[in-house]
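Chain by chain, the residues:
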Amino acid sequence: MDMQPMQAKFATQDQAESAIRKLAFLRGDRFRLERVGAYADTGTPAIDASQSVDGLTASVLAGSAFQSSSGIMASADAAAHQWGVSPEGGPTAEFTLSANVPGEAAEQARTVILQAGGEMI
């Protein structure tokens, strides 16, 4: 089966996880979800996938190759000093998703990503 790599960015982790669940049904694999933005340059090591995705996503991905990495969460000190914090008070970040999808499902995978609120990169 011819697999095609895809990359997209999402404003929230929930949007990215929604896309992962749907892409898994299209027989996608090698999912990688990364948090980028405010705290991405801190050198924080990758976190366990079970800590970064909800239970439904984890069960859908059981048996799939999945990697996740994350920056640190906003600390009280960072929030107090407005370092990397949005005007609403939350950390500014976005999430990137990379995956391999079957070539014959590539167009449908793009549609899934766009409908989940993502943007192809």
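Residue numbers restart at each chain and count upward from 1, following the sequence in its written direction. Totals for whole chains, interfaces and linings use every residue, but because this is a predicted model, local features are given only for residues with pLDDT of at least 70 and side-chain atom pairs only at 80 or more, for both listing and counting. Side-chain metrics in this entry use all non-hydrogen atoms of the structure; hydrogen atoms and water are not considered.

Caption draft 1: Layout of the environment of Arg 35. Think of it this way: any DSSP run of H or I at least four residues long counts as a helix, any run of E at least two long counts as a strand, and we number them from the N terminus. Looking at the element boundaries, Arg 35 is found in strand S2 (residues 29–37). Distance in space between the C-alpha atoms of Arg 35 and Gln 13 is 8.1 Å, their sequence separation being 22 residues.

Caption draft 2: Local environment of unusual backbone geometry. We note that Arg 27 has phi near 70°; this positive angle belongs to a residue other than glycine. Relative to the assigned elements, Arg 27 resides in the loop between helix H1 (13–25) and S2. Backbone geometry at Arg 30 places phi at a positive 55°, although glycine is not the residue there. Among the structural elements, Arg 30 can be located in strand S2. The rule is simple: take the accessible area with a 1.4 Å probe, protein chains only, and divide by the maximum for that residue type; under 20% is buried, over 50% is exposed, in between is partly exposed. For Arg 30, a relative accessible area of 58% gives the class exposed.

Caption draft 3: Structural detail: the pattern of salt bridges. Any carboxyl oxygen of Asp or Glu that lies within 4 Å of a side-chain nitrogen of Lys or Arg is treated as forming a salt bridge with it. One pass over the full model with this rule turns up three salt bridges. For Arg 110, the salt bridge is made with Glu 107, and the minimal N-O distance between the two is 3.5 Å. Of this pair, Arg 110 and Glu 107 are both found in helix H5 (residues 106–115), three residues apart, which corresponds to roughly one turn of the helix.

Caption draft 4: Region of the structure containing H1. Across its 13 residues, H1 extends 19 Å between first and last C-alpha, which sits within 8% of the 18 Å expected from 1.5 Å per residue. Ala 16, Glu 17, Ser 18, Ala 19, Ile 20, Arg 21, Leu 23 and Ala 24 are the residues of H1 that are buried. Looking one or two places after H1, you find Arg 27, whose phi comes out positive at around 70°. Multiplying 1.5 Å by the helix residue count minus one yields the expected span of that helix.

Caption draft 5: Representation of H5 within the structure. Listed as buried for H5 are Ala 106, Ala 109, Val 112 and Ile 113. The buried residues of H5 all sit within an arc of 115° when viewed along its axis, so they share a single face. Opposite its buried face, H5 presents the exposed residues Glu 107, Leu 114 and Gln 115, each directed more than 90 degrees away. Its buried side turned inward, H5 meets strand S1 (3–10), H1, strand S4 (93–102) and strand S5 (119–120). Looking at the residues trailing H5, positive phi occurs at Gly 117, about 100°. Throughout, the arc means the angular range of directions from the helix axis out to the C-beta atoms. Contacts are assigned to residue pairs that have any heavy atoms within 4.5 Å of one another.

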